[in-house]
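Below, each chain spelled out in residue letters.
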Amino acid sequence: MDLLKEKGYKYTDKRKDLLSLFAHEKRYLSAKDVQESLKHKYPGLSFDTIYRNLTTFAEIGLLEETEWEGERKFRFTCSRNEHHHHLICLSCGSTKSIHTCPMEVLNSELNGFNVTGHKFEVYGYCTDCKKLN
Ligand SMILES: [Zn+2]
Ligand SMILES: [Zn+2]
Ligand SMILES: [Zn+2]
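On a predicted model such as this, the values are computed, not experimentally measured, just so you know.

What counts and what doesn't
- Residues numbered from 1 in each chain as written.
- Chains lettered and ligands numbered in written order.
- Predicted model: local features only at pLDDT ≥ 70, side-chain atom pairs only at ≥ 80, totals over all residues.
- Heavy atoms only, no water.
- Donors = N, O, S within 2.8 Å, 3.2 Å for Na, K, Ca; no water.
- Tetrahedral: all angles 85-135°; square planar, octahedral: opposite > 155°, others 65-115°.
- Buried < 20%, exposed > 50% of the residue type's maximum accessible area, 1.4 Å probe, protein only.
- Pairing = 2+ DSSP bridges.
- Helix = DSSP H or I, 4+ residues; strand = E, 2+ residues; numbered from the N terminus.
- Axes fitted to C-alpha atoms, helices over the stretch in contact; angles between N-to-C directions.
- Parallel < 35°, antiparallel > 145°, perpendicular 65-115°, else oblique.
- Left-handed = near helix turned anticlockwise from the far one by under 90°.
- Contact = heavy atoms within 4.5 Å.
- Core = buried A, V, L, I, M, F, W, Y, C linked by side-chain atoms within 4.5 Å.
- Expected span 1.5 Å × (residues − 1).
- Salt bridge = Lys/Arg side-chain N within 4 Å of Asp/Glu carboxyl O.

K.L.:
Which residues make up the coordination of the zinc ion (ligand 3), and what values do they have?
P.N.:
Here the zinc ion (ligand 3) is held by H83 (NE2), H85 (NE2), C101 (SG) and H118 (NE2), and the distances to it run 1.9 to 2.2 Å. Of note is the zinc ion (ligand 3), whose four donor atoms meet at the metal with angles of 106 to 116° in an arrangement that counts as tetrahedral. On the primary sequence, the residues serving as donors to the zinc ion (ligand 3) are separated as H-x1-H-x15-C-x16-H. By relative accessible area, which is 46% here, H83 ends up partly exposed.

What follows is the structure in structure tokens.
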């Protein structure tokens, strides 16, 4: 919330509830999931408003975003600072961090290419969801 104020965004109850939802859930949620979770408290809250806010939060680094099945999904930024990647469950959106980075293996094949960043995510089903399928 301090970060939000620092960047000149208004601190509203809605934004606070949005962020506490993510702080509580610790998994990837789409704007639709968020709308579903908040609709009892904010029946008039539109998909667009949620989407815009999530995009803003991602831009200032409060949320991490990814995309699968053609949908953008967001989660609370991991508190750990060390470099890591995620295993993402396609069913419940839960994540697990992995500390092996595939870039370490690729170094010998870069041939002087100046790497400024990379993305690596593993999709599948967590042990809880595997049981259900
Ligand atoms: Zn993470
Ligand atoms: Zn799962
Ligand atoms: Zn990496």
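Continuing now.
K.L.:
Before we move on, can you summarise the sheet that holds strand β4 (residues 85–89) with the specific residues and values?
P.N.:
Taking strand neighbours across the sheet as the criterion, the three strands line up as β5-β4-β6 in an open arrangement whose pairing is mixed. Two strands close off the open sheet at either side, each with one partner strand: β5 (95–98) and β6 (121–124). In this sheet, neighbouring strand axes are inclined to one another by 20° on average, regardless of whether the strands run parallel or antiparallel. As paired strands, β4 and β6 are joined by four bridges and run parallel to one another. Note that in β6 the partner of C89 across the bridge is G124.

K.L.:
Summarise the coordination of the zinc ion (ligand 1); cite the residues concerned and give the values.
P.N.:
Protein ligation of the zinc ion (ligand 1) involves C78 (SG), H84 (NE2) and H86 (NE2), the donor distances falling in the range 2.1 Å. Mapped onto the sequence, the residues coordinating the zinc ion (ligand 1) show the spacing C-x5-H-x1-H. One exposure class covers both H84 and H86, and it is buried.

K.L.:
Now, about the packing of helix α3 (residues 31–38) against helix α4 (residues 47–59): what can you tell me, with residues and values included?
P.N.:
At a closest axis distance of 9 Å, the pairing of α3 and α4 adopts a crossing angle of 120°. As far as their axial angle goes, α4 and α3 are oblique. Crossing of α3 over α4 shows right-handed handedness. Facing α3, whose interface residues are A31, K32, V34 and Q35, α4 presents F47, I50, Y51 and L54.

K.L.:
Can you break down the nonpolar core residue by residue, with the values?
P.N.:
The nonpolar side chains of soluble globular proteins are, as a tendency, buried together. Counting residues in hydrophobic clusters, the biggest one holds 19 residues, and the most contacted among them are V34, L54 and F57. Counting only elements with at least two residues in this core, the list comes to α2 (13–25), α3 and α4. Not counting residues within four places of it along the chain, the set of residues in contact with L54 comprises L18, F22, A31, V34, L63 and F74.

K.L.:
Could you give me a rundown of α4, with the residues and numbers involved?
P.N.:
Relative to the 18 Å expected for 13 residues at 1.5 Å per residue, α4 spans 18 Å between its end C-alpha atoms, a close match to the ideal helical length. Within the span of α4, buried status applies to I50, N53, L54, T55, T56, F57 and A58. The inward-facing, buried residues of α4 contact α1 (2–6), α2, α3, β2 (63–68) and β3 (71–76). Residue G61 follows α4 closely and has a positive phi angle near 90°.

K.L.:
Hey, could you go over the pattern of salt bridges for me, with residue numbers and the actual values?
P.N.:
According to the stated counting rule, one finds six salt bridges in the structure shown. A salt bridge links R72 to E65; the nearest nitrogen and oxygen atoms lie 2.7 Å apart. Its relative accessible area of 22% is what places R72 among the partly exposed residues. Put simply, E71 and K73 hold a salt bridge, and the shortest N to O gap is 3.6 Å.

These figures come from the coordinates and say nothing about function on their own.
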